[in-house]
Amino acid sequence: MKHEHCAVVLDLSANGVGIIRSLSKKGIKIYAFDTERAYKIGKSRLATCNICPNPLTEENELLMFLINLSQSIGKKPILYAGSDDYIVFISRNRKVLSRYFLFLLPDHSLIEEVLDKEKAYELALKHNIACPKTYIVENEDHFEEAIANLDFPCILKPVLGHEFRKNINKKAILINDLDQLKADYQTYREYGKLIIQEIIPGDDNCFYKVATFYDDDMKLMALFSLQKNHQFPAEFGTGAHIISKRVPELFDICLPFFEEIELKGIGMAEFKKDPRDGIYKFIEINPRFWLTHSLTEPSGINFVYMYYLYLTKQNPEPIFYQIDGVKWIYLVRYYLTFLQKRKRKEMSFIDFYKGFQGKKEFALFAWNDPMPFIRSTCSHLVNAWKQQRKE
C-alpha cells in the first residue's frame, strides 16, 4: 500500500490519540492539533503536534490555519476529526476545505440533525427506531406536560451536548425528584436547550454501539459492534471498559436506518437494551470516529486505516467479520469507576482484576508513547480529588 498522503488529526483526546497510533503503525506522517488545554494533555510523540484555533470561537482563524498547513504540506492530506466541534466546523466549511484535504462526510443537514438531541430522536422515531420517553421543553406548558408524565428519577440532557460541555462537563444530570428538576432546569437552561428523558433501567452492560463505514456511494465497507461493561462517570458517562461483541439484531435495526438517512463515511449509533421489554432503545448517533474506535483494529477491522485507503483510492476490501471478546480499557476511568461502584457494593476488587484478563487494547497506555497516558491520568485524578473535596 502507498502512504504518500500524510494525515491531519483534529483532536488530541483519547479518540485522536487512537487515530494517531493506528496511522503511525503504517508509517504515515501525521500532524495533530487541538486547543491549548487538550494539546497539553494529549500531545503524542508519534505525530507533529501543536495548538490550533478553537473551532467554536475562532472558525475563520482555524480555516486559514488549515489552508496554510495544507499548502505547506503539498499533497492533499487526509483529514480526521475526533470530536463534534471539529466535525461541525469541517462540514460547515467543506466546500473550501475539500480543495485542500481529503475527507468523507454525510450532508451537512444530516450532521446538524443527528448532533441535535431533539432532532435526532425525531429522526429515529420517524424511521421506527424505539427511543426512551423524551420531553422537549421550550416553554412553561411543555414543562408542566413533562412533569405530569414523568417518573422519577429521570435525566436532564442538553440538546447540543458538544456546546453544553464547554460550560458544564456533563453528558446528563440525574434528577431525583420534582423540586430538583425545577431547580436544576433553571440552573442549566442558560447553557443551552434541554430535554427531559426517562431513565432506562439496567447496568452499564446494557449499552451497545454499532459502527459503520459507508463509501461515497453508500456501499458498506466496514461493520462493527461492541458492548459496554463500565463507563465513567458510572451513571452517565463515556466508555471506561468495553468489549467487542457482534450483535446481529442491532445490525438489522441500524443498517436500514443508516442507509435511509445516507450516513456516509464513519458513523456510530448507541443503544440501551431495556430489560423491561428486551427492546434496544436509541441513545445517540455520531457522524465521526468515536472514543473507542481503537478497539476495532485488534478486533480485525481497522476503521482508521480503511478510511485512509479509501480516500487515497487504494480500494480496500469490505470487512464485516470481527473478533469478539477483545477488551478496550481506559485505565484511569476504569479505576475511578471501580472506586464508585465498590462504594455501592456493585463491584469487588476481584471483578476489577478480572477486567484485565484476555486480549485487550488500552485507550491511552502505550510503552512507545507514554505521555498522553501520564498526563490524562494526572488530570483525571486531580479532578476526582477536587470533586471529592466539594462533596
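Residues numbered from 1 in each chain as written. Predicted model: local features only at pLDDT ≥ 70, side-chain atom pairs only at ≥ 80, totals over all residues. Heavy atoms only, no water.

**Student:** What's the story with the overall build of the chain in this structure? I'm lost.
**Tutor:** Within the chain one finds 15 helices and 15 strands. What you see for the chain is a C-alpha radius of gyration of 21 Å, in line with the 21 Å of a compact globule of 391 residues. Judged by the C-alpha coordinates and their principal axes, the chain covers about 60 × 45 × 40 Å. The 391 residues of the chain split such that 55% are buried. Looking at the chain alone, contacts between residues at least 24 apart form 66% of all its contacts between residues at least 6 apart. By element, 50% of the accessible surface of the chain is carried by carbon and sulfur atoms, the whole surface being about 18,000 Å². Considering the chain, the positive charge centre built from 53 side chains and the negative charge centre built from 50 side chains are found 8 Å apart. (Helix = DSSP H or I, 4+ residues; strand = E, 2+ residues; numbered from the N terminus. Rg over C-alpha atoms; globule rule 2.2 N^0.38 Å. Buried < 20%, exposed > 50% of the residue type's maximum accessible area, 1.4 Å probe, protein only. Contact = heavy atoms within 4.5 Å. Areas by Shrake-Rupley, 256 points an atom, 1.4 Å probe, with all protein chains shown as cover. Lys, Arg positive; Asp, Glu negative; His and termini not counted. Charge placed at Lys NZ, Arg CZ, Asp CG, Glu CD.)

**Student:** Hey, could you run me through the sheet that holds strand β14 (residues 327-329) in this one?
**Tutor:** Either a parallel or an antiparallel arrangement is found when strands of a sheet pair, and the pairing is made through backbone hydrogen bonds. Reading across the sheet, the seven strands line up as β13-β12-β9-β10-β11-β14-β15 and stay open at both edges, with mixed pairing between neighbours. Edge positions in the open sheet fall to β13 (280-286) and β15 (360-362), since each of these has one partner strand only. Across the sheet, the mean angle from the axis of one strand to that of its neighbour is 30°, orientation sign disregarded. Across three bridges, the pairing between β14 and β15 is parallel. Residue pairing in the sheet places I329 in a bridge with F362 of β15. (Pairing = 2+ DSSP bridges. Axes fitted to C-alpha atoms, helices over the stretch in contact; angles between N-to-C directions.)

**Student:** Sorry, what's going on with the sheet that holds strand β5 (residues 134-136) here?
**Tutor:** Pairing is antiparallel in the open sheet, where four strands are placed in the order β5-β8-β6-β7. With partners counted over all chains shown, the strands left at the sheet margins are β5 and β7 (173-175), one partner each. Along the sheet, successive strands turn relative to each other by an average axial angle of 25°, direction set aside. Here three bridges tie strand β6 (residues 154-158) to β7, and the two strands are oriented antiparallel to one another. In the strand pairing of β7, I155 is matched with L174.

**Student:** Please explain the packing of aromatic side chains as it appears in this structure.
**Tutor:** Ring pairs (aromatic) are described by centroid distance and by the angle formed between their planes. This model, assessed by the stated rule, comprises 23 aromatic pairs. Between Y335 and F352, the ring centres sit 6.4 Å apart and the planes meet at 65°, which makes this aromatic pair edge-to-face. Note that Y335 is positioned in helix α13 (residues 331-343) and F352 in helix α14 (residues 349-354), a separation of 17 residues in sequence. The buried category is assigned to F352, whose relative accessible area is 11%. With a centroid separation of 6.1 Å and an interplanar angle of 45°, the aromatic rings of F349 and F352 are classed as tilted. Placement of the pair is F349 and F352 together in helix α14, with a separation of three residues, close to one helical turn. On the basis of relative accessibility, which here comes to 53%, the residue F349 falls in the exposed class. Taken together, the ring pairs in this structure connect Y334, Y335, F338, F349, F352 and F356 into an aromatic cluster. The ring of Y305 carries K26 above its face, with NZ or CZ at 4.5 Å from the centroid. Looking at R333, its charged tip hangs above the ring of Y330, at a distance of 4.2 Å from the centre. (Phe/Tyr/Trp six-rings, centres within 6.5 Å; stacked < 30°, edge-to-face > 60°. Lys NZ or Arg CZ within 6 Å of the ring centre and 35° of its normal.)

**Student:** Explain the pairing of strand β8 (residues 194-198) here, please?
**Tutor:** Note on strand geometry: in a regular strand, side chains alternate between the two faces of the sheet. For β8, the buried fraction is high: five of the five residues fall into the buried class. Residues of β8 alternate between two faces, with L194, I196 and E198 on one and I195 and Q197 on the opposite face, all of them buried. Relative to β8, β5 runs antiparallel, the two sharing three bridges. When the sheet's bridge partners are listed, T134 is paired in β8 with Q197. Pairing of β6 with β8 involves five bridges; the strand directions are antiparallel. Bridge pairing in β8 links C154 to E198.

**Student:** When you look at a positive patch on the surface in this model, what are you seeing that I'm missing?
**Tutor:** A cluster of like positive charges, contributed by R37, K170, K386 and K390, occupies part of the molecular surface. Structurally, the position occupied by K170 is in the loop between α9 (161-164) and β7. Exposure remark for K170: the relative accessible area of 36% places this residue in the partly exposed category. (Patch = residues over 30% accessible without salt bridge, like charges linked within 9 Å, V, L, I, M, F, W, Y side chains within 5 Å. Salt bridge = Lys/Arg side-chain N within 4 Å of Asp/Glu carboxyl O.)

**Student:** Would you mind showing me how to read the packing of helix α6 (residues 108-115) against helix α7 (residues 117-126) here?
**Tutor:** When two helices pack together, their arrangement is given by the angle between the helix axes and the distance between those axes. Relative to each other, α6 and α7 sit at 100°, their axes nearing to 5 Å. In terms of axis orientation, α6 runs roughly perpendicular to α7. Where α6 abuts α7, its residues L110, E113, V114 and L115 lie against K117, K119, A120 and L123. Broken down by class, the residue content of the contact of α6 with α7 amounts to five nonpolar, no polar and three charged. (Parallel < 35°, antiparallel > 145°, perpendicular 65-115°, else oblique. Nonpolar A, V, L, I, M, F, W, Y, C, P; charged D, E, K, R; others polar.)

**Student:** Where do I start with the pattern of salt bridges in this structure?
**Tutor:** Oppositely charged side chains may form a pair once their charged atoms are brought near each other. For the structure on display, the rule yields 16 salt bridges. A salt bridge links K75 to E4; the shortest N-O distance between them is 2.7 Å. Of this pair, K75 sits in the loop between α3 (59-73) and β4 (78-81) while E4 sits in the segment before β1 (7-10), and the two are 71 residues apart along the sequence. One salt bridge in this structure joins D274 and R276, with 2.7 Å as the shortest N-O distance. Residue class for D274 comes out buried when judged on its relative accessible area of 1%. Three or more residues joined by partner-sharing salt bridges are found here, namely E198, D274, R276, D277 and K281.

**Student:** What exactly am I supposed to notice about helix α10 (residues 178-188) here?
**Tutor:** Think of an α-helix as turning once every 3.6 residues; residues three or four places apart then point the same way. Of all the positions in α10, only L181, D184, Y185 and Y188 are classed as buried. The arc that holds the buried residues of α10, viewed along the axis, is 105°, so those residues lie on one side. (Arc of directions from axis to C-beta.)

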